[in-house]
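# Secondary and tertiary structure notes
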Amino acid sequence: MLFDHIAECLANFMDKLQIKDKKLPLGFTFSFPCLQTKLDESFLVSWTKGFKSSGVEGKDVVTLIRKAIQRRGDFDIDIVAVVNDTVGTMMTCGYDDQNCEIGLIVGTGSNACYMEEMRHIDMVEGDEGRMCINMEWGAFGDDGALDDIRTEFDQEIDMGSLNPGKQLFEKMISGMYMGELVRLILVKMAKEELLFGGKLSPELLATGHFETKDVSDIEGEKDGIRKAREILVRLGLDPTQEDCVATHRVCQIVSTRSASLCAATLAAVLRRIKENKGEERLRSTIGVDGSVYKKHPHFAKRLHKTVRRLVPDCDIRFLRSEDGSGKGAAMVTAVAYRLADQHRARQKTLEPLKLSREQLLEVKRRMKVEMERGLSKETHTIAPVKMLPTYVCATPDGTEKGDFLALDLGGTNFRVLLVRVRNGKRRGVEMHNKIYSIPREVMHGTGDELFDHIVHCIADFLEYMGMKGVSLPLGFTFSFPCQQNSLDESILLKWTKGFKASGCEGEDVVTLLKEAIHRREEFDLDVVAVVNDTVGTMMTCGYEDPHCEVGLIVGTGSNACYMEEMRNVELVEGEEGRMCVNMEWGAFGDNGCLDDFRTEFDAAVDELSLNPGKQSDCLALLQVRAILHHLGLESTCDDSIIVKEVCTVVARRAAQLCGAGMAAVVDKIRENRGLDTLKVTVGVDGTLYKLHPHFAKVMHETVKDLAPKCDVSFLESEDGSGKGAALITAVACRIREAGQR
């Protein structure tokens, strides 16, 4: 009945304005305690202010009004926002003053709202931007926090109310109870013969006969004492001049306390906003509405003065709202409508980046096809996913032991490491390392100069470790494009990362290193293995977990490796056992097989890259900038909410694509071995995997969904490029010694 009546009033209003044929956005001011779950969904907690309509408490009021409109069927509207009057007040004043970030109502009831940082609102997901918080501060003190300042008069008002023990702060400051507080004080003073000659009247003893309007009239600038006499006479009393003066003073005390309590809580809100912003001096505006604030002759002035005294480091402006609850609801609706339009535009732009399960299964299928092409001798030369043999034919079994050197060269700095591998009860890995730089002139000089410099650094490290003259097996992480012909032979195809040393491209880097060692004539080293960082990652994790047969790096770039059956590695002779295959999967799609998944933003990133048409591996930050540019925003745009949404979509797609590729890998291992189910561990390294807050979780979920017959665990690698190279060397030495025996 209630909502049918509201719908009828709305219909009549639209009839009068001749707008019934238009579907307009509607803002709904609903000033009762509600649990708001989103802008257009608000569940009534409990009725107040004398309302008792059944079947509404616990229900979404937007749904109820929508149903009432549908029952009529003669008009339609789009309910965009439900707000309370405090938020409406802030929004109304915010239209006139952009510094307005607090709303305050002091009328029949009292409440406040303010703009809080999203990172502090645990009940809502997200930590970017701000959201208006409806404080419902009328309930301040319901937990006993104000017991030490509540008086016997406050307690008596509460006991006589419809909701004892609730809204205690509101009962101390709002207009609904201000006149009643004065009446109770006057009754007590009369009973104690301090007023009216000790006489009481039935009118003075009756609840509600002394109104808040009376308090305002008595405190008026002119004739306040005369007004007090009029009101007291109306209450059946015969006051003296002293009675009138005392009544005036009681009114002053009650209204001043109300203004002071209101100021103290406002000061707490202002202090919080100031701390949130980290500003030395806050400049802020408070939008205010309510009959007490507007009509009491001194309340506003007392409130302003007390607030400024309590927060002297804040410049505060108080702005009176005109029709905050109506105009404000419309303002919220207008803003929401604008944001909804922006959201639709964003979704349209971002839609191509959102992948369905069917699309991800198709990516997985295509990856398996490209893996087969890379492994096949016949199609290897034209396959973008190269599936390169690494000549690593076993993972650690726990029996490895000894001291090994590792050399990690992948940029302008490189490391020399001593890795001590222990087995038995003391099983573990102990590492010592030192970082060396490569001067620019050496990077751009001859190959002999570069490798002489590397050997000089190795000699320095051995001396530093007190091991000069010792001959140790060495593993060499060499992170440049190479063609590997055996575990200890790797032909440099092309320098990258700013290196230009002459006489190296087309040469075996192990031979170049050995020749430099012989030229120095100080020590001898057994260069056992050349590896890349992905294989190193798998080996490092394989030492901790014997089920680890896959390596994955998701950082600046991305790559994977896994243990393939030798019978499938057609580029290498032999059918028995397994060999680790370096997939070089960053090039997946270079032949156009992913073109139907690539968006205009992928194309833009590719065109601007150093290697157009190569490694289309979704560089997230560049894509975010490309998308922002498409939305007409500068790349320095501080609209963090939009930026975050874009980042979330891009990162989710990256994690899903990575998961689809990994699902193809683990399923291939399972099918190779003819298993119904496979238990396997993936060793993972890379900043994107380790540091992004959601990447790993999304990738794990995708692998589980797309490869349901595989039980896949993920193990984070620590120092795969250094420790891994040493462990590959240790495994190779173990196998070599076993062969010799």
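These figures come from a predicted structure and were not determined experimentally.

Take the UniProt feature "domain: Hexokinase N-terminal" (unreviewed entry) in the protein next. According to UniProt, the feature "domain: Hexokinase N-terminal" (unreviewed entry) maps to residues 2–95 and 347–543 in the numbering used here. Between the first and last C-alpha atoms of residues 2–95 the distance is 32 Å; the span itself is 41% helix and 21% strand.

With a phi angle near 55°, F196 is a residue other than glycine that sits in the positive phi range. Within the secondary structure layout, F196 lies in the loop between α6 (175–191) and α7 (202–205). Residue class for F196 comes out buried when judged on its relative accessible area of 6%. Its identity is not glycine, yet Y391 carries a phi of approximately 65°, on the positive side. Along the chain, Y391 falls in the loop between β10 (388–389) and β11 (402–409).

Together, M123, V124 and M131 make up an exposed nonpolar region whose accessible area comes to about 310 Å². Mapped onto the secondary structure, M123 falls in the loop between β6 (110–117) and β7 (130–134). Residue M123 is classed as exposed on the basis of its relative accessible area, which comes to 82%.

Moving on to the sheet that holds strand β20 (residues 578–582). Sheets are built from strands paired through backbone hydrogen bonds, the pairs being either parallel or antiparallel. Across the sheet, six strands lie side by side as β10-β20-β19-β18-β21-β22; this open sheet has mixed pairing. The sheet terminates laterally at β10 and β22 (710–716), the two strands that pair on one side only. Relative to β20, β10 runs antiparallel, the two being bridged by two bridges. Looking at β20, one finds that L388 is bridged to N582. Against the sheet, helix α23 (residues 695–706) engages β18 (548–554) and β22, with an angle of about 160° to β22.

Let's shift gears to the packing of helix α14 (residues 357–375) against α23. With their axes 11 Å apart at the nearest point, α14 and α23 run at an angle of 80° to one another. If you check the angle between α14 and α23, you find them roughly perpendicular. Residues R357, L360, L361 and K364 of α14 form the contact with α23, whose participating residues are T702, D705 and L706. Here the contact of α14 with α23 is composed, by residue class, of three nonpolar, one polar and three charged.

Moving on, we come to the packing of helix α1 (residues 2–17) against helix α2 (residues 61–72). Two elements in contact, α1 and α2, have axes whose closest approach is 9 Å; the angle formed by their N-to-C orientations is 60°. The hand of the α1/α2 crossing is right-handed. Residues F3, D4, I6, A7, E8, L10 and A11 of α1 form the contact with α2, whose participating residues are V61, L64, I65, A68, I69, R71 and R72. Counted by class, the contact of α1 with α2 contains 10 nonpolar, no polar and four charged residues.

Time to look at the packing of aromatic side chains. Inspection of the entire model under this criterion finds 16 aromatic pairs. Ring geometry for F32 versus W47: centroids 5.0 Å apart, planes at 85°, classification edge-to-face. On the criterion of sequence distance, the pair formed by F32 in the loop between β1 (25–29) and β2 (34–38) and W47 in the loop between β3 (41–44) and α2 is long-range, its members being 15 residues apart. Under the relative-accessibility criterion, W47 is labelled buried at 10%. Put simply, the rings of F28, F30, F32, W47 and F51 touch in pairs and so form one group of aromatic residues. A cation over an aromatic ring shows up here: R427 above the ring of Y543, its NZ or CZ 4.1 Å from the ring centre. If you follow K434 out to its NZ or CZ, it ends over the ring of Y464, 4.5 Å from the centre.

Parameters at a glance
- Residues numbered from 1 in each chain as written.
- Predicted model: local features only at pLDDT ≥ 70, side-chain atom pairs only at ≥ 80, totals over all residues.
- Heavy atoms only, no water.
- UniProt positions renumbered as here; feature names shortened; annotations may be inferred.
- Helix = DSSP H or I, 4+ residues; strand = E, 2+ residues; numbered from the N terminus.
- Buried < 20%, exposed > 50% of the residue type's maximum accessible area, 1.4 Å probe, protein only.
- Patch = residues over 30% accessible without salt bridge, like charges linked within 9 Å, V, L, I, M, F, W, Y side chains within 5 Å.
- Areas by Shrake-Rupley, 256 points an atom, 1.4 Å probe, with all protein chains shown as cover.
- Salt bridge = Lys/Arg side-chain N within 4 Å of Asp/Glu carboxyl O.
- Pairing = 2+ DSSP bridges.
- Contact = heavy atoms within 4.5 Å.
- Axes fitted to C-alpha atoms, helices over the stretch in contact; angles between N-to-C directions.
- Parallel < 35°, antiparallel > 145°, perpendicular 65-115°, else oblique.
- Nonpolar A, V, L, I, M, F, W, Y, C, P; charged D, E, K, R; others polar.
- Left-handed = near helix turned anticlockwise from the far one by under 90°.
- Phe/Tyr/Trp six-rings, centres within 6.5 Å; stacked < 30°, edge-to-face > 60°.
- Lys NZ or Arg CZ within 6 Å of the ring centre and 35° of its normal.

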